[in-house]
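# Breakdown of the fold
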Amino acid sequence: MRIGIIGAGAMARALGRGWVAAGHEVLVGARSATAAAEAADAIGARAGSIGEAAGFGDAVLLALPVGALAEVLGSVGALLAGRTVIDCTNAFAPDTAAPEGATAFVLAEDAVAERIAAAAPGAHVVKAFNVCAAEVWESDTRVFEGRRLAVPLCGDDPDALRRVATLTEDLKLQPIPAGGLHRARYLEAVSVFTVGLWFAGQDARAIFPPLEHAFAVVD
Ligand SMILES: NC(=O)c1ccc[n+]([C@@H]2O[C@H](COP(=O)([O-])OP(=O)(O)OC[C@H]3O[C@@H](n4cnc5c(N)ncnc54)[C@H](OP(=O)(O)O)[C@@H]3O)[C@@H](O)[C@H]2O)c1
């Protein structure tokens, strides 16, 4: 698959490296040609401009801060029509109500994926990879306590969801269908809540029983 990545930071490198290793053709595009070349060289991808990344492939990863989305989508949003757009962003802002000394976040915005879809008409947006840190996506460790690390996917287009599921499996992760794009806002909330627990030194994994003990089956 041809994958364009917009942004050349931690997420671009972490996910891009895995996709290159899986045999995909990846182009990293950034506003700085030097930064794009450095990131691309580091992961074995091609480098280009943001526009080249937007128009490169079947799938486009938006690896940008939320604050950059309006500007970037304003200039290249039209190029995304008909493509699978992977939104891994988080709109984290400091939680000013947290106790002094605590690191905690709130959401600066509650539905980023839906805003991306509105700003890029015709793009097939899938929310994915926003819950865990770039270091987790880059790691070789995929199975914890006998369970493969899972990636919830929210999106409306079946082909785009299949494509992102394949890209998830290529990273040796387990895709989980998690509903339409209207549910991506909950995935964004899960991320800020979970990261808050982790920063407080709590094991977020411990709050969920395994499915067979979850009593979530309709009687
Ligand atoms: N890092 C993580 O662990 C992690 C985990 C899950 C989700 N996320 C989310 O993934 C997204 C990317 O995170 P990241 O850690 O990869 O960020 P990062 O390392 O800071 O990289 C951000 C990239 O966006 C570019 N950028 C910033 N402002 C821009 C603008 N106005 N126009 C064009 N390009 C711009 C930067 O280019 P310059 O170098 O030129 O500024 C850089 O290439 C964020 O939304 C973040 O919340 C991150």
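Keep in mind that what you see is a predicted model, and the values were worked out from it rather than measured.

### Let's talk about the sheet that holds strand β1 (residues 2–6)
What holds strands together in a sheet is hydrogen bonding between their backbones, with the strands either parallel or antiparallel. Strand order in the open sheet formed by eight strands is β3-β2-β1-β4-β5-β8-β11-β12, and the pairing between neighbours is mixed. Both outer strands of the open sheet, β3 (46–48) and β12 (174–177), are each paired with one neighbouring strand and no more. Sheet twist, expressed as the average angle between the axes of neighbouring strands with direction ignored, equals 25 degrees.

### As for the nonpolar core
Among the nonpolar cores identified, the biggest contains 65 residues, and Ile6, Trp19, Ile86, Phe129 and Trp137 are the most heavily contacted of them. No other element matches helix α1 (residues 10–21), which puts five residues into this core. If near-sequence neighbours (up to four positions away) are discounted, Ile86 is found in contact with Trp19, Ala59, Val60, Leu61, Leu62, Val126, Ala128, Phe129, Val164 and Leu167.

### Regarding the UniProt feature "domain: Pyrroline-5-carboxylate reductase catalytic N-terminal" (unreviewed entry) in the protein
The positions that UniProt labels "domain: Pyrroline-5-carboxylate reductase catalytic N-terminal" (unreviewed entry) are, in the present scheme, residues 2–90. Across residues 2–90, helical content stands at 40% and strand content at 24%; the span's end C-alpha atoms are separated by 25 Å.

### Details of helix α7 (residues 158–170)
Over its 13 residues, α7 runs 18 Å from end to end, which matches the ideal 18 Å to within 8%, given 1.5 Å per residue. Buried within α7 we find Ala160, Val164, Ala165, Leu167 and Thr168. All buried residues of α7 project into a common sector of 165 degrees when viewed along the axis, lining one side. Backbone nitrogen of Asp159 and a side-chain oxygen of the N-cap are separated by 3.2 Å at the start of α7; the cap is Asp157. Of the residues trailing α7, Lys172 is marked for its positive phi of about 65 degrees.

### Considering the environment of Leu167
Position of Leu167 among the secondary structure elements: in helix α7. Residue class for Leu167 comes out buried when judged on its relative accessible area of 0%. Expressed as a C-alpha distance, the spacing of Leu167 and Met1, which sit 166 residues apart in the sequence, is 9.1 Å. Residues in contact with Leu167, not counting those within four places in the same chain, are Met1, Ile3, Trp19, His24, Ala59 and Ile86.

### A look at the state of the cysteines
In total, this model carries zero disulfides according to the counting rule given. Looking at the unpaired Cys132, the closest cysteine sulfur is the one in Cys88, lying at 12 Å. We note that Cys154 lacks a disulfide partner, and the nearest cysteine sulfur, in Cys88, lies 14 Å from it. Accessibility expressed as a relative area gives 2% for Cys154, which makes it buried.

What counts and what doesn't
- Residues numbered from 1 in each chain as written.
- Predicted model: local features only at pLDDT ≥ 70, side-chain atom pairs only at ≥ 80, totals over all residues.
- Heavy atoms only, no water.
- Pairing = 2+ DSSP bridges.
- Helix = DSSP H or I, 4+ residues; strand = E, 2+ residues; numbered from the N terminus.
- Axes fitted to C-alpha atoms, helices over the stretch in contact; angles between N-to-C directions.
- Core = buried A, V, L, I, M, F, W, Y, C linked by side-chain atoms within 4.5 Å.
- Buried < 20%, exposed > 50% of the residue type's maximum accessible area, 1.4 Å probe, protein only.
- Contact = heavy atoms within 4.5 Å.
- UniProt positions renumbered as here; feature names shortened; annotations may be inferred.
- Expected span 1.5 Å × (residues − 1).
- Arc of directions from axis to C-beta.
- Polar contact = N/O pair within 3.5 Å; in protein donor to acceptor, adjacent residues only side chain to side chain.
- Disulfide = S-S within 2.5 Å.

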